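Here is how the chains run, residue by residue.
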Amino acid sequence: MAAGTIRYWAAAKAAAGTAEEPYAAENLAEALDAVRERHPGELTRVLLRCSFLVDGDPVGTRSHETVRLAEGGTVEVLPPFAGG
């Protein structure tokens, strides 16, 4: 299991109530499942519209179960926002 940081931006940051928090997961799906457990409600809805960067690389349409997380890595949670 890898440990790293999840960073929230814009509406995701507001819904999570924090700019970042740690993850401990093998893949992106596991990390996001843990996020949903910690932050039920608005963040769960916001995540449906988000895109993700893992260590600077866009996840795109890849299945989250196939996106491995690295020790010391970073997951960026990017909701859609006006002008961007």
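In this text, all values refer to a predicted model and were calculated from it rather than measured experimentally.

*Asks:* Can you walk me through the nonpolar core in this structure?
*Replies:* Generally speaking, a soluble globular protein has its nonpolar side chains buried in company with each other. Residues Ile6, Tyr8, Leu28, Leu43, Phe52, Val75 and Val77 are the most contacted members of the largest nonpolar core, which totals 22 residues. At the level of secondary structure, the elements contributing two or more residues to this core comprise β1 (2–8), α1 (10–16), β2 (20–25), α2 (28–38), α3 (42–47), β3 (51–54) and β5 (74–78). It is α2 that contributes the most residues to this core, 4 residues altogether. Those residues in contact with Val77 that sit more than four places away from it in its chain are Ile6, Arg7, Tyr8, Trp9, Ala12, Leu47, Cys50, Ser51 and Phe52.

*Asks:* So what exactly am I meant to see when it comes to the pattern of salt bridges here?
*Replies:* Pairs can form between side chains of opposite charge whenever their charged atoms are close. Counting across every chain of the model gives 6 salt bridges. A salt bridge links Arg7 to Glu20; the nearest nitrogen and oxygen atoms lie 3.3 Å apart. A residue pair is termed long-range when its members are at least 10 positions apart, and Arg7 in strand β1 and Glu20 in strand β2 qualify at 13 residues. In the salt-bridge network here, residues are joined through shared partners; they are Arg7, Glu20 and Glu76.

*Asks:* Just to check I follow, could you spell out the sheet that holds β5 for this structure?
*Replies:* Where strands meet in a sheet, backbone hydrogen bonds hold them as pairs that are either parallel or antiparallel. Reading across from one edge, β2-β1-β5-β3-β4 is the order of the 5 strands in this open sheet, with mixed pairing throughout. Edge positions in the sheet fall to β2 and β4 (57–58), since each has one partner strand and no second. The sheet contacts of α2 involve β1, β2, β3 and β5, and relative to β2 the element is tilted by about 130 degrees.

Conventions and cut-offs
- Residues numbered from 1 in each chain as written.
- Predicted model: local features only at pLDDT ≥ 70, side-chain atom pairs only at ≥ 80, totals over all residues.
- Heavy atoms only, no water.
- Core = buried A, V, L, I, M, F, W, Y, C linked by side-chain atoms within 4.5 Å.
- Buried < 20%, exposed > 50% of the residue type's maximum accessible area, 1.4 Å probe, protein only.
- Helix = DSSP H or I, 4+ residues; strand = E, 2+ residues; numbered from the N terminus.
- Contact = heavy atoms within 4.5 Å.
- Salt bridge = Lys/Arg side-chain N within 4 Å of Asp/Glu carboxyl O.
- Pairing = 2+ DSSP bridges.
- Axes fitted to C-alpha atoms, helices over the stretch in contact; angles between N-to-C directions.

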